[in-house]
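# Tertiary structure, described
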Amino acid sequence: MQKSNRQADFQQQLQQIEQAAGALEGSDAVRRKQAEKELLQLRKQSKPYGVCLFILEHSSVSAAQFAAAGAIREACLREWHTVAAQAETIRDKLLLFAVNRTLPKFLQLQLLHTVAVIFKRGFFRGGGGTGEKVCNLMMNQVEKLMRMGAEQQSIGASYVISI
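Residues numbered from 1 in each chain as written. Predicted model: local features only at pLDDT ≥ 70, side-chain atom pairs only at ≥ 80, totals over all residues. Heavy atoms only, no water.

A few words now on the overall build of the chain. When helices and strands are counted, the chain shows nine helices and zero strands. From first element to last, N terminus to C terminus, the chain shows the α and β order α-α-α-α-α-α-α-α-α. Relative to all contacts within the chain whose residues are 6 or more apart in sequence, the contacts with residues 24 or more apart total 63%. Here the chain displays about 9,000 Å² of accessible surface, and carbon together with sulfur accounts for 54% of that area. (Helix = DSSP H or I, 4+ residues; strand = E, 2+ residues; numbered from the N terminus. Contact = heavy atoms within 4.5 Å. Areas by Shrake-Rupley, 256 points an atom, 1.4 Å probe, with all protein chains shown as cover.)

Turning to the pattern of salt bridges, a few remarks are in order. Side chains that differ in charge, positive against negative, can pair when their charged atoms come close. Inspection of the entire model under this criterion finds five salt bridges. With a shortest N-O distance of 2.8 Å, R101 and E57 are connected by a salt bridge. One end of the pair, R101, is in the loop between α6 (87–100) and α7 (105–125); the other, E57, is in helix α3 (residues 49–58), and 44 residues separate them in sequence. Taking the relative accessible area as the measure of exposure, R101 reaches 33% and is therefore partly exposed. The residue E79 makes a salt bridge to R78 at a minimum N-O spacing of 3.5 Å. Exposure remark for R78: the relative accessible area of 37% places this residue in the partly exposed category. (Salt bridge = Lys/Arg side-chain N within 4 Å of Asp/Glu carboxyl O. Buried < 20%, exposed > 50% of the residue type's maximum accessible area, 1.4 Å probe, protein only.)

The next subject is the side chain of Q110. Its place among the elements puts Q110 in helix α7. Only 3.4 Å separates the side chain of Q110 from the backbone oxygen of F66, close enough to count as a polar contact. In this structure Q110 touches F66, A69, G70 and R73, once residues within four positions along its chain are discounted. (Polar contact = N/O pair within 3.5 Å; in protein donor to acceptor, adjacent residues only side chain to side chain.)

For helix α4 (residues 62–78), built from 17 residues, the straight-helix expectation of 24 Å at 1.5 Å per residue is met to within 8% by its first-to-last C-alpha distance of 24 Å. Along α4, the positions that sit buried rather than exposed are A64, Q65, A67, A68, A69, G70, A71, I72, R73, A75 and C76. (Expected span 1.5 Å × (residues − 1).)

Should the sulfur atoms of two cysteines be covalently bonded, the bond is a disulfide. Applying the stated criterion to the full structure yields zero disulfides. Distance from the sulfur of C52, which forms no disulfide, to the nearest cysteine sulfur (C76) is 9.7 Å. Under the relative-accessibility criterion, C52 is labelled buried at 0%. Residue class for C76 comes out buried when judged on its relative accessible area of 2%. (Disulfide = S-S within 2.5 Å.)

Moving on to the packing of aromatic side chains. The tally for this structure, following the rule as stated, stands at two aromatic pairs. Consider the rings of F66 and F106, whose centres lie 5.6 Å apart with planes at 50°: the pair is tilted. Of this pair, F66 sits in helix α4 while F106 sits in helix α7, placing them 40 residues apart in sequence. (Phe/Tyr/Trp six-rings, centres within 6.5 Å; stacked < 30°, edge-to-face > 60°.)

This part covers the environment of L95. On the secondary structure map, L95 appears in helix α6. Taking relative accessible area as the criterion, L95 reaches 6% and is therefore assigned buried. Sequence-wise, L95 and A116 are 21 residues apart; in three dimensions their C-alpha atoms are separated by 9.5 Å.

The structure is reproduced here in C-alpha cells:
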C-alpha cells in the first residue's frame, strides 16, 4: 500500500514539474515566475532522489528531466553526509540513463555533469568506495564507452571532460 501511495505522489510531482517546465517556454510572465518557483522547490527539496529518478525514467519532457538531474546534483552536494552510502547506485543509474537513451545534448551533459560531481565528491569525501576503487570504476566505464559506437565515445569524452 505504501509503495502505491509513493508512486502516486511521484506521479503527481512528475506532472507538476512537467507543467512547470512547459510554462517556462510560455509568454505569460506570471506563470513563468510561478514555474521557476516550482522548479526551485524541487532543487531545494530534501532527499529528492526517488522522485527525481522517477522523473528521469517516466517523463518525456526534456526540461523536466534536466531539472530532476540538477536537483539530484544539488542534493548530493548539500546532503552528502546522508547520501554517501547511496551515491554509487545513484551515480550508476544516471550514467546508464545518459548512455542508454537517445537524449538531447543539453540533458545528456547535465546528467554527465551530475555523475561527475557525485564521482568527485565520493573520491574526495568518501562514499562509493575508496578513492582507488572509484577511480578504477570510472576508468572502466569510460573504456567501455570508448569501445562502443561514435555516440557512446562522445558520451565518454564528455564524461571525462566533466570530471
